[in-house]
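The chain contents come next:
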Amino acid sequence: RFDAANSFSATGTRRLVQTSDREVGGVTVSMSATSELAAASVAAIFANSKAMMLLVDDQQRLVAVNDAMTQALPGADIGSLVGEDAALLVAARHVPEFRQALRDAARGTASTQEHTLASASPSGARGVAWSITCVSESPCLIACVGVDITAARDEVEDLRARATTDQLTGLANRSGLLDHLTKMAGTGASVVFCDLNGFKSVNDNLGHAAGDAVLVQ
């Protein structure tokens, strides 16, 4: 089983402390003790964080995953994921950019990425915003910290749909139509305008509810 405390202690945590003894709250603490404390703290964060966390090696294999990551993947557990290809965690359409982000991180270039998880939860596809960075050069270890953005993404999509869709008919409203026509510019598409003869009499004689029903039909 992966020892988070030892791994983090050996892969860069010591850079967080000074090389000499330091005084904390009136007590002199040695570098080694401080390193152990920092390593234990990082290990606790890794284990208990609500954010999804991965450690990936230079072969893009999973070295460690936390509970939050396994909970986002129905049927998965830590034992079944460690040693597997990290790219299997994201949807197929996101694999190339995820692999590129891991390669960039191994070369020292951190990045942020938004991907959909490969294994959909019962409530639907889950979107994750990843922060990907190298935390150790030798051995190479890449940390991926992910935050579930599904709710925020769905809210944005809902707002976009409301802004471009007619509430009554479900068709594109003026804004939606203009967006669509802009995308079709240069394709040779034609626009046809149709007038509804006698529609005013439906509203006048039968009421606006009847008129709405006619529009929906």
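Notes on the structure in this doc start here.

The rules behind the values
- In every chain, residue numbers begin from 1 and rise along the written sequence.
- Local features in this predicted model are restricted to residues of pLDDT 70 or higher, and side-chain atom pairs are both shown and tallied only at a pLDDT of 80 or more, whereas totals for entire chains, interfaces and linings draw on every residue.
- The side-chain figures draw on all heavy atoms in the structure; neither hydrogens nor water molecules are used.
- Helix numbering and strand numbering both begin at the N terminus, where a helix is a DSSP run of H or I of at least 4 residues and a strand a DSSP run of E of at least 2.
- We call a residue buried when its accessible area falls under 20% of the maximum for its residue type, exposed when it is over 50%, and partly exposed in between, using a 1.4 Å probe and counting protein chains only.
- Any two residues having at least one pair of non-hydrogen atoms within 4.5 Å are treated as being in contact.
- Accessibility throughout is a Shrake-Rupley quantity obtained with a 1.4 Å probe, and a residue counts as covered only by protein chains that appear here.
- Each salt bridge in this description consists of a side-chain nitrogen of Lys or Arg and a carboxyl oxygen of Asp or Glu lying within 4 Å of one another.
- Among the buried residues, those of types Ala, Val, Leu, Ile, Met, Phe, Trp, Tyr and Cys that are joined through side-chain atoms within 4.5 Å form a nonpolar core.

**Observations concerning the overall build of the protein**
- Across its full length, the protein carries 9 helices and 7 strands.
- When burial is assessed residue by residue, the protein has 32% of its 217 residues classed as buried.
- Considering only contacts within the protein whose residues lie at least 6 apart along the sequence, 41% involve residues at least 24 apart.
- For the protein, the computed accessible surface area is about 13700 Å², with 54% contributed by carbon and sulfur atoms.

**So, the pattern of salt bridges**
- The tally for this structure, following the rule as stated, stands at 4 salt bridges.
- With a shortest N-O distance of 2.5 Å, Asp85 and Arg99 are connected by a salt bridge. Taken together, the positions of Asp85 in the loop between helix H4 (78-81) and helix H5 (95-106) and Arg99 in helix H5 put the pair 14 residues apart, joining distant regions of the chain.
- The class for Asp85 is buried, based on a relative accessible area of 15%.
- Residue class for Arg99 comes out partly exposed when judged on its relative accessible area of 24%.
- The closest approach of N and O atoms between Asp104 and Arg107, which form a salt bridge, is 3.5 Å.

**Observations concerning the nonpolar core**
- The biggest cluster of nonpolar side chains holds 25 residues, and the ones touching the most others in it are Leu54, Met69, Trp130 and Ile132.
- Of all the elements in the fold, those that place two or more residues in this core are strand S3 (52-56), strand S4 (62-65), H5, strand S6 (127-137) and strand S7 (140-148).
- Looking at this core, the element that brings in the most residues is H5, giving 5 residues.
- For Leu54, the residues in contact, after removing those within four places along its chain, are Phe46, Leu62, Ala64, Val65, Met69, Leu89, Trp130, Ile142, Ala143 and Cys144.
- Judged by nonpolar contacts, the second largest core, of 5 residues, contains Phe46, Leu55, Ala64 and Ala143.

What is shown is where atoms sit, not what they do.
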